[in-house]
Amino acid sequence: MRKYIDIAYLLAIGATIGLVLGLGIIVAPVVFHADIYTGVELTHYQMGLVMTEIFLRSNYWLNIVAISIILYEGYEYKSFRRDRLALPSAATAVLMIFLFTLYYTKAIVAYQRMGESVVNDPTFEALHKGSEIDFMLLALSLVLLFTRRLYLLTKG
């Protein structure tokens, strides 16, 4: 049974890496250049609304994975299978997920409710830049967690 839990955990982490990288590398550039592909002129604000909806939907998966990380790594810790790289990368991943889903996404949605003028607001721009940095740190911590857990499982 333990082997199946480990495999499911690695699959969830791997899928989340794919989600995070896919959203950042593929989806965002396509959405923010949609006019090239469709010939329809959308404002930056409208493209942001589309991207926000995509993030809102992906946040469900991210929160499920964060809870899974807490449960799995918590069990590992309580079972005295502690690792000096897995635990900090897991904690960073959980922090970045919750920061993104519970703070940045909600704050961006609140700003978007103010209307199209928010796009040029320096506070909004700083908030958006913070969310991008958060997403990069999330990707990095997930890759570290995945590779370390894979190494520990195949080593042992």
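What you see is a predicted model, and the numbers here were worked out from it, not measured in a lab. (Residues numbered from 1 in each chain as written. Predicted model: local features only at pLDDT ≥ 70, side-chain atom pairs only at ≥ 80, totals over all residues. Heavy atoms only, no water.)

Trainee: Provide a residue-level description of the packing of helix 1 (residues 2-31) against helix 5 (residues 122-155), including the pertinent values.
Mentor: In contact at an axis separation of 9 Å, helix 1 and helix 5 are set at 155 degrees when each is read in the N-to-C sense. Here helix 5 runs roughly antiparallel to helix 1, going by the angle between their axes. Judged by the sense of rotation from one axis to the other, the crossing of helix 1 with helix 5 is left-handed. Residues Asp6, Tyr9, Leu10, Ile13, Gly14, Thr16, Ile17, Val20, Leu21 and Leu23 of helix 1 touch helix 5, and the partners they reach there are Phe135, Leu138, Ala139, Leu142, Val143, Leu145, Phe146, Arg149, Leu150 and Leu153. In the contact of helix 1 with helix 5, the residues fall into 16 nonpolar, two polar and two charged. (Axes fitted to C-alpha atoms, helices over the stretch in contact; angles between N-to-C directions. Helix = DSSP H or I, 4+ residues; strand = E, 2+ residues; numbered from the N terminus. Parallel < 35°, antiparallel > 145°, perpendicular 65-115°, else oblique. Left-handed = near helix turned anticlockwise from the far one by under 90°. Contact = heavy atoms within 4.5 Å. Nonpolar A, V, L, I, M, F, W, Y, C, P; charged D, E, K, R; others polar.)

Trainee: Describe the packing of aromatic side chains, listing the residues and the values that go with them.
Mentor: Under the definition given, this model contains six aromatic pairs. For the ring pair phenylalanine 55 and phenylalanine 100, a centre distance of 5.2 Å and an interplane angle of 70 degrees mean the geometry is edge-to-face. Taken together, the residues span a long stretch of sequence, with phenylalanine 55 in helix 3 (residues 44-78) and phenylalanine 100 in helix 4 (residues 86-112) at a distance of 45 residues. On the basis of relative accessible area, phenylalanine 100 is assigned to the buried category, the value being 4%. Judged by centre distance (5.0 Å) and plane angle (65 degrees), the ring pair of tyrosine 103 and tyrosine 104 falls under edge-to-face. (Phe/Tyr/Trp six-rings, centres within 6.5 Å; stacked < 30°, edge-to-face > 60°. Buried < 20%, exposed > 50% of the residue type's maximum accessible area, 1.4 Å probe, protein only.)

Trainee: Can you break down the nonpolar core residue by residue, with the values?
Mentor: Counting 36 residues, the largest nonpolar core has Ile13, Ile69, Phe135, Leu138 and Leu142 as its most contacted members. Put simply, the parts of the chain that give this core at least two residues each are helix 1, helix 3, helix 4 and helix 5. In terms of residues, this core owes the most to one element, helix 4, which gives 11 residues. Discounting chain neighbours no more than four positions away, the residues touching phenylalanine 135 are Val20, Leu23, Phe55, Leu62 and Phe100. (Core = buried A, V, L, I, M, F, W, Y, C linked by side-chain atoms within 4.5 Å.)

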